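# Inside the fold
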Amino acid sequence: MAGVTYDHVVKKFGDFTAISDLSLEVQDKEFLVLVGPSGCGKTTALRCLAGLEEVNSGKVVIGDRVVNDVAPKDRDIAMVFQSYALYPHMTVFDNMAFGLKLRKVPKADIQRRVEEAAKTLGIEGLLKRKPRELSGGQRQRVALGRAIVREPKVFLFDEPLSNLDAKLRVQTRAEISKLHHRLQTTFIYVTHDQVEAMTMATRIAVMNKGILQQLDTPQNLYDKPQNLFVAGFIGSPAMNFFNMKLIKEGQDLFVDNSTMKVKIPADKQAVLANLVGRDVIFGIRPEDIHNPDYVPANIVAELVEAKVDVTELMGFEILVYLVNGNTTFVARVDPRSHYQVGDTIKLTFNMGNFHIFDPSQDPENPVAVI
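Residues numbered from 1 in each chain as written. Predicted model: local features only at pLDDT ≥ 70, side-chain atom pairs only at ≥ 80, totals over all residues. Heavy atoms only, no water.

## Structural notes on the nonpolar core
Formed by 47 residues in total, the largest nonpolar core has its most connected members in Met96, Val114, Ile176, Tyr189 and Val206. Not counting the four nearest positions on each side in its chain, Tyr189 is found in contact with Phe31, Leu32, Val33, Leu34, Phe157, Pro160, Leu161, Ile176, Glu196 and Met200. Formed by 30 residues, the second largest nonpolar core is a distinct cluster that contains Leu322, Val333, Leu347 and Phe349. (Core = buried A, V, L, I, M, F, W, Y, C linked by side-chain atoms within 4.5 Å. Buried < 20%, exposed > 50% of the residue type's maximum accessible area, 1.4 Å probe, protein only. Contact = heavy atoms within 4.5 Å.)

Dropping the structure here:
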């Protein structure tokens, strides 16, 4: 088993910087997920670790060994790709055993490893089949098995669920989490799907434009995003943002944009005192916006008026897309709510859970103040 360290890693393709000064430490036996939009550098970071890309500067460390100049086959890692990449003319057993045969592992050891991996993944009855006789989910489990038999120090996953349908994605996601628990090995997993990241990871590294934005536990990323990008990327539906001005009236602070005015709770006002009179971005998640008839107990409630634009009944909840002035936002409300498109309605903001971002230092990615 081994941890992984990126030490000020830079990777460029010509004039384009894919990874900018990435410093990141993955603990031994951790399940770390690299997440971000397409082109953010997450897959490049994984390929640099695997040895499929050379870094321009910095160090990549597996365990206690710097592997910058170590061949991919000697890094003691196993990689699972988006493509299953199975040999169509080979059986499942032979696909899983192929890498071990190349390394001249004894036949008895190969048999043991393949059978153990197949049992772990629930595919022991498929070992004599060819890939064309398998479903997509079964093929992905074979690809996982081929990695498991290697018994590597680190497993690398590059969007392995992208080719599966929605039901299989959820099922396989759970299987990979259980697999990590059983194997107690370091997993590094790349995805653009923040739901996958939130449900599977020990910690999540959020990347954008080749830069690490925040590294934290799933819950901390959700509760305490460090900047506007992380706040908008983590959560589904995404956090709502309103361009507002922070004003003071008497002893109280408000955020105001002429069509919406919301009071800041007393216990949060001291933190925001130096932003009075300045433009800020007010953020609140859809799940913290409620129908006033079904408000949870003990929240700090502020009423806001908006016009219903679209409703989406999900069975266990309703997503209501709303318009206030020039701003559109979404609320996740109780399924007993009866809203019609075009209605002007009142909504309750839970001001116990809100965020303020200050655009003065970085207009493109404002830093979180609360």
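This is not the end of the story, as more comes after the structure.
## Re the pairing of strand β8 (residues 186-191)
With 6 of its 6 residues buried, β8 lies for the most part within the structure. Residues Thr186, Ile188 and Val190 of β8 are buried on one face, and the alternating residues Phe187, Tyr189 and Thr191, pointing to the opposite face, are buried as well. Alignment of strand β3 (residues 31-35) against β8, held across 5 bridges, turns out to be parallel. Paired with Val35 across the two strands is Thr191, which belongs to β8. (Helix = DSSP H or I, 4+ residues; strand = E, 2+ residues; numbered from the N terminus. Pairing = 2+ DSSP bridges.)

## Here's the deal with the sheet that holds strand β4 (residues 57-62)
Overall, antiparallel pairing links the 4 strands, which are arranged β2-β1-β4-β5 in an open sheet. The open sheet has two edge strands with one neighbour each: β2 (16-26) and β5 (65-66). In this structure, strand β1 (residues 4-13) lies alongside β2, joined through 7 bridges in antiparallel fashion. Residue pairing across strands places Val9 opposite Leu22, the latter belonging to β2.

## Overview of the pattern of salt bridges
For the structure on display, the rule yields 22 salt bridges. Linking Arg112 and Asp109 is a salt bridge whose minimum nitrogen-to-oxygen distance equals 2.5 Å. Of this pair, Arg112 and Asp109 both sit in helix α3 (residues 107-121), 3 residues apart, which is roughly one turn of that helix. Connected through shared salt-bridge partners, Asp109, Arg112, Arg113, Glu116 and Glu151 make up one network. (Salt bridge = Lys/Arg side-chain N within 4 Å of Asp/Glu carboxyl O.)

## Some thoughts on the environment of Lys73
Mapped onto the elements of the fold, Lys73 is located in the loop between β5 and β6 (77-80). In this structure Lys73 comes out as exposed when scored by relative accessible area, which is 59%. Lys73 sits 22 residues away from Gly51 along the chain, and the two C-alpha atoms are 8.5 Å apart. Within the structure, the side chain of Lys73 is placed 3.4 Å from the side chain of Asp74, a separation counted as a polar contact. (Polar contact = N/O pair within 3.5 Å; in protein donor to acceptor, adjacent residues only side chain to side chain.)

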